[in-house]
Amino acid sequence: KNEVEQSPQNLTAQEGEFITINCSYSVGISALHWLQQHPGGGIVSLFMLSSGKKKHGRLIATINIQEKHSSLHITASHPRDSAVYICAAPYSGAGSYQLTFGKGTKLSVIP
Amino acid sequence: DTGVSQDPRHKITKRGQNVTFRCDPISEHNRLYWYRQTLGQGPEFLTYFQNEAQLEKSRLLSDRFSAERPKGSFSTLEIQRTEQGDSAMYLCASSTGLATYEQYFGPGTRLTVT
């Protein structure tokens, strides 16, 4: 079974703190998604990466394909970063590349 | 390009009723996915279309569920004889199908079965 595991499940941080969310997966893949979900449900794609590191503003995502591990970092966290962060891996089933999702990390940033 | 849209955004229905949701993907995205997310969980794959062909279905998609994508554009997901366990957020995503695999998500339809 293809599995995606995230940690921690819940994370509370003070504004300005550096945040790390981890993701591991059980089957070899060629890319991994990091997604953000705000209350109300809409999902926004933050990163899709297949190697190394990507940076967008205060968000940094890294991946180690050999170790099947990825991390999402948020620098100088802000209350508006409060959301659920989900990692997802595209698995090929009949060529669909359907996403298998982690359960998400609920981040709360306190002013 | 207005992104992926879904309608309705919220639906409350009584157990046993039928409901239908609609998804309009990004124009010319040939791949369309339906996912379901229950409270506190990550989304789970339901079904996948490439153009108008439904190529893959999850075991989660019982025979009360049916999805269509006529003409390879918008898609509908119908649930017959709804049960309380069907209460969830139903998410649609579309993709160009190129090697990048990137999927673009709609805002979701939240279904509550009373």
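Here the structure is shown first, and the text comes after it.
Presented here is a report on the structure given in the accompanying data block. (Residues numbered from 1 in each chain as written. Chains lettered and ligands numbered in written order. Predicted model: local features only at pLDDT ≥ 70, side-chain atom pairs only at ≥ 80, totals over all residues. Heavy atoms only, no water.)

A count of helical and extended segments in chain B gives zero helices and 11 strands. Scanning chain B from its N terminus toward the C terminus, one meets helices and strands in the order β-β-β-β-β-β-β-β-β-β-β. For the C-alpha atoms alone, the extent of chain B along its principal axes is close to 40 × 25 × 20 Å. The burial tally for chain B puts 46% of its 114 residues in the buried class. Surface exposure of chain B reaches about 5800 Å², of which carbon and sulfur atoms provide 44%. (Helix = DSSP H or I, 4+ residues; strand = E, 2+ residues; numbered from the N terminus. Buried < 20%, exposed > 50% of the residue type's maximum accessible area, 1.4 Å probe, protein only. Areas by Shrake-Rupley, 256 points an atom, 1.4 Å probe, with all protein chains shown as cover.)

All right, on to the state of the cysteines then. Residues and elements named next belong to chain A. In the structure shown here, the tally under the stated rule is two disulfides over all chains. Each sulfur of the disulfide joining cysteine 23 and cysteine 87 lies 2.1 Å from the other. Measuring the twist about the S-S bond at about 80°, one finds the cysteine 23-cysteine 87 disulfide to be right-handed. Placement of cysteine 23 in strand β3 (residues 19-25) and of cysteine 87 in strand β9 (residues 83-91) is noted, with a sequence separation of 64 residues between them. (Disulfide = S-S within 2.5 Å.)

The tally for this structure, following the rule as stated, stands at one cavity of 30 Å³ or more. The computed volume of the largest cavity comes to approximately 30 Å³. In this structure, the largest cavity is lined by Gly40 of chain A together with Arg9, His10, Met89, Pro107, Gly108 and Arg110 of chain B. For the lining of the largest cavity, the class distribution of residues is two nonpolar, three polar and two charged. (1 Å grid on protein atoms, 1.4 Å probe; cavity = no way out; pocket = protein on both sides within 12 Å on 5 of 7 lines; lining within 4 Å. Points joined across faces, edges and corners; volume = space filled by probe spheres on them. Nonpolar A, V, L, I, M, F, W, Y, C, P; charged D, E, K, R; others polar.)

At the interface, 23 residues of chain B touch 23 residues of chain A. Here chain B meets chain A over a buried area of about 1800 Å², counting both sides, of which 55% is carbon and sulfur. Seen at the junction of chain B and chain A, the total is zero salt bridges. Connecting chain B to chain A are five residue pairs in polar contact (both at pLDDT 80 or more). When residues of the side of chain B that touches chain A are traced back to their parent elements, those giving at least two are β4 (31-37), β5 (44-50), β6 (53-57) and β9 (88-95) of chain B. (Contact = heavy atoms within 4.5 Å. Buried area = accessible area lost by both parts, 1.4 Å probe. Salt bridge = Lys/Arg side-chain N within 4 Å of Asp/Glu carboxyl O. Polar contact = N/O pair within 3.5 Å; in protein donor to acceptor, adjacent residues only side chain to side chain.)

Below, the discussion takes up the sheet that holds strand β7 (residues 65-68) of chain B. Residue and element names in this part refer to chain B. Taken together, four strands build an open sheet; the order of strands is β1-β3-β8-β7 and the sheet is antiparallel. Every interior strand has two partners, whereas the edge strands, β1 (5-7) and β7, have only one. Geometrically, the sheet is characterised by an average inter-axis angle of 15° between neighbouring strands, direction not taken into account. Across five bridges, strand β3 (residues 19-24) lies against strand β8 (residues 75-79) in antiparallel orientation. For threonine 20, the partnering residue across the bridge sits in β8 and is glutamate 78. (Pairing = 2+ DSSP bridges. Axes fitted to C-alpha atoms, helices over the stretch in contact; angles between N-to-C directions.)

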